[in-house]
Amino acid sequence: MAVICSFMVTTGCGQHKKIVRMGDKIDKSLDRDNYGFYTQGDAELSADDNGRVVSIKFPFKRDSVSVHDATAMKAYKKVTNDDLNYVNGTTYHSDKLNRDYTIEESRDSDGKIVSASIFFKNFDPTNPEKFYNK
């Protein structure tokens, strides 16, 4: 029987966790639903035709509890880069990777984050290699 980690977007359990980041090759052992999303932990990953992660959706609200901005930002940094910074609107930027991301958040009436989706900003499907991790 396989063990599934409960953390958002990891492969493996225990000491050998690997964070799946935007631009990484998708792990084909992950389950794929009828809509084409791969599920890993609580997150839904979508991949392009080359099998690279191009979006991640986080359903943050668990046990009827939404999360604060700081908690969400920690999750965003784990799947992008640790130098991710807010720019404006829905735009975030990583200087180290020289990439922009769009992060769309859904909030509850208290202003806490219920869910979020991360996409590459200005993704060009005709030239996706510049968004891939090596």
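Relevant structure appears above.
All of the points below concern the structure found in this document. These figures come from a predicted structure and were not determined experimentally. (Residues numbered from 1 in each chain as written. Predicted model: local features only at pLDDT ≥ 70, side-chain atom pairs only at ≥ 80, totals over all residues. Heavy atoms only, no water.)

Some thoughts on the overall build of the chain
Inference 1: Scanning the chain from terminus to terminus reveals one helix and ten strands.
Inference 2: Secondary structure of the chain in N-to-C order comes out as β-β-β-β-β-β-α-β-β-β-β.
Inference 3: Among the 134 residues that make up the chain, the fraction classed as buried is 40%.
Inference 4: Counted over contacts in the chain with a minimum sequence separation of 6, partners at least 24 positions apart contribute 46%.
Inference 5: Carbon together with sulfur atoms contributes 47% to the accessible area of the chain, which is approximately 8,200 Å² in total. (Helix = DSSP H or I, 4+ residues; strand = E, 2+ residues; numbered from the N terminus. Buried < 20%, exposed > 50% of the residue type's maximum accessible area, 1.4 Å probe, protein only. Contact = heavy atoms within 4.5 Å. Areas by Shrake-Rupley, 256 points an atom, 1.4 Å probe, with all protein chains shown as cover.)

Some details on the nonpolar core
Inference 1: In this structure, Leu45, Ile56, Phe58, Phe60, Tyr76 and Ile118 are the most contacted members of the largest nonpolar core, which totals 27 residues.
Inference 2: Taken together, the elements giving at least two residues each to this core come down to β5 (43–47), β6 (53–58), α1 (69–79), β9 (99–107) and β10 (113–120).
Inference 3: Tallying contributions element by element places α1 first for this core, with five residues.
Inference 4: In this view, Tyr76 contacts Phe58, Phe60, Leu84, Ile103, Glu105, Ile113, Ala116 and Ile118; residues no more than four positions away in its chain are not counted. (Core = buried A, V, L, I, M, F, W, Y, C linked by side-chain atoms within 4.5 Å.)

Some words on the pairing of β5
Inference 1: In this structure, strand β4 (residues 38–40) lies alongside β5, joined through three bridges in antiparallel fashion. For Tyr38, the partnering residue across the bridge sits in β5 and is Leu45.
Inference 2: Where β4 folds back on β5, the antiparallel hairpin that results is connected by two residues, among which Gly41 adopts a positive phi of roughly 65°.
Inference 3: Across four bridges, the pairing between β5 and β6 is antiparallel. Counted as the bridge partner of Ser46 is Ser55 from β6. (Pairing = 2+ DSSP bridges.)

Digging into the sheet that holds β6
Inference 1: Sheet architecture is open: eight strands sit in the order β3-β4-β5-β6-β10-β9-β8-β7, paired in antiparallel fashion. Looking along the sheet, the strands with just one partner apiece sit at the ends: β3 (31–32) and β7 (85–88).
Inference 2: The pairing of β3 with β4 spans two bridges and is classified as antiparallel. What sits directly across from Arg32, in β4, is Tyr38.
Inference 3: Sheet contacts for α1: β6, β7, β8 (91–94), β9 and β10; angle to β10, the most-contacted strand, approximately 30°. (Axes fitted to C-alpha atoms, helices over the stretch in contact; angles between N-to-C directions.)

Focus: the packing of aromatic side chains
Inference 1: This structure, assessed with the given rule, holds nine aromatic pairs.
Inference 2: On the numbers, 5.3 Å between centres and 10° between planes, the contact of Phe58 with Phe60 is stacked.
Inference 3: Ring geometry for Phe60 versus Tyr76: centroids 6.2 Å apart, planes at 55°, classification tilted. Of this pair, Phe60 sits in the loop between β6 and α1 while Tyr76 sits in helix α1, and the two are 16 residues apart along the sequence. The same class applies to Phe60 and to Tyr76, which are both buried.
Inference 4: Among the aromatic residues, those joined into a ring-pair cluster are Phe58, Phe60, Tyr76, Tyr86 and Tyr92. (Phe/Tyr/Trp six-rings, centres within 6.5 Å; stacked < 30°, edge-to-face > 60°.)

Things to note about the side chain of Thr80
Inference 1: For Thr80, the position within the fold is in the loop between α1 and β7.
Inference 2: In this structure the side chain of Thr80 is engaged in a polar contact, spanning 2.7 Å, whose partner is the backbone oxygen of Tyr76.
Inference 3: Setting aside anything within four residues of it in sequence, one finds Thr80 in contact with Arg21, Met22, Leu97, Tyr101 and Ile118. (Polar contact = N/O pair within 3.5 Å; in protein donor to acceptor, adjacent residues only side chain to side chain.)

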